[in-house]
Amino acid sequence: MSSLERKARIFNVQKYNTADGPGVRTLVFFQGCPLRCKWCANPEGLERKYRVMMKYNLCIDCGKCVQACPQGIHQIDPETKKHVVDRTKTCIGCRRCEEACLQHAISIVGEDKPISEIIDIVKEDEMFYLASGGGGVTLGGGECTAQHEACLNVLQGCKQQGINTAIETCGYTSQENILKIAPFVDLFLFDIKQMDSDRHFELTGVHNERILENLSELLHRRYNVKVRMPVLHGYNDSDEEFDALVKFLTPFKDLKNFKGVDILPYHKLGVGKYTQLDQEYPITDDPSMPEERLSEIEAKIRNAGIEVNIIRH
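These figures come from a predicted structure and were not determined experimentally. (Residues numbered from 1 in each chain as written. Predicted model: local features only at pLDDT ≥ 70, side-chain atom pairs only at ≥ 80, totals over all residues. Heavy atoms only, no water.)

1. A closer look at the pattern of salt bridges
Note the cut-off: Salt bridges are identified by distance alone: a Lys or Arg side-chain nitrogen within 4 Å of an Asp or Glu carboxyl oxygen. Going along the chain from the N terminus, every DSSP run of H or I of four or more residues is numbered as a helix, and every run of E of two or more is numbered as a strand. The buried label applies to any residue whose accessible area, calculated with a 1.4 Å probe on protein chains only, is under 20% of its type's maximum; exposed applies above 50%, and partly exposed to all values in between.
One pass over the full model with this rule turns up 26 salt bridges. Close ionic contact of D61 with K82 constitutes a salt bridge, the shortest N to O distance being 3.5 Å. Of this pair, D61 sits in the loop between β3 (51–54) and α1 (64–68) while K82 sits in the loop between β4 (74–76) and β5 (83–85); the two residues are 21 residues apart in sequence, bridging distant segments of the chain. Assessed through its relative accessible area of 47%, K82 is described here as partly exposed.

Laid out in structure tokens, this is it:
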């Protein structure tokens, strides 16, 4: 099979992005992720399967989706006469329910796109990349390395077209996989979510040794890396946490390929998606970051001689 015939399962393409890499970016969201971060803003992209998202506030309980769905996923409760989604049944991605819904209350997440089509979508905005001085494509998710062959093929195709490439990654993949794609990545946006391995497991469902090893290997091999850290008040914003981060990064601070640290304060942009998936949001308190604490963290990293920026969404 030609690499351009392979397909990637994606769940979104965001154009004119300016927060995930230099210049104007096209952000391609790959579906599937090995982590389960409690604050995840894209829960629809965690599993590599079709997901039914339901805006119940728009639904008029007309039942047209019930008639359209061959899987019996959509139902009208006989007692309440309200629309319900049977999450035990498997969506096949036919999108008949989505097409039948007059209120646009239903959206099916997940689409298998040929690599060549993804590259064509990226190329549409080539003039904006050039005009913004260094723009290009960023592969995110989910986690793009979870589909490492498709990820590699998209990166190769974009590089062949002269398009700047970046990936946003949690780093939880085999070293073989990440080194295989590395020659085709102009910039890694590499997440560190927690320095303590056990606490990392509590917050994300995996330990962090593999992540930190992959990060070290990329930096040692002189690939361009910018570290990104989502920060939640009371979860991973302690002095001990950032002392450990600084200690880990200090040996790399003078390397030209180490591009510093982006601090990503907690935001609530993805909270509404959980309701659409009939899921409870895992965080019950408000871990929003006080500005004073953000300034202290920024100063601690900068005083260690490491470039740092606060990125607000």
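Having seen the model, we can carry on.
2. Notes on the environment of K38
To keep it simple, the criterion reads: Contacts were defined at the residue level, with two residues in contact if any of their heavy atoms lie within 4.5 Å.
Relative to the assigned elements, K38 resides in the loop between β2 (25–30) and β3. Distance in space between the C-alpha atoms of K38 and E202 is 9.0 Å, their sequence separation being 164 residues. Other than its neighbours up to four places away in sequence, K38 contacts E202, L203, Y274, Y281, P282 and I283.

3. Looking at the pairing of strand β10 (residues 187–191)
Quick note on the threshold: At least two DSSP bridges between two strands are needed for those strands to be called paired. Assignment of crossover handedness uses the view with strands pointing away from the viewer, where a clockwise path from the first strand over the helix to the second indicates a right-handed crossover.
The element β10 is largely enclosed, with a buried count of 5 among its 5 residues. On β10, burial covers both faces: L187, L189 and D191 on one face and F188 and F190 on the other are all buried. In this structure, strand β9 (residues 164–169) lies alongside β10, joined through 4 bridges in parallel fashion. Across the sheet, residue T169 finds its bridge partner in β10, namely F190. You can see the chain leave β9, run along helix α6 (residues 175–181) and come back into β10, and the turn it takes is right-handed. In this sheet, strand β11 (residues 225–231) lies alongside β10 in parallel orientation, the contact comprising 4 bridges. In the strand pairing of β11, F190 is matched with V227.

Note that all results are geometric; they support no functional claim without further evidence.
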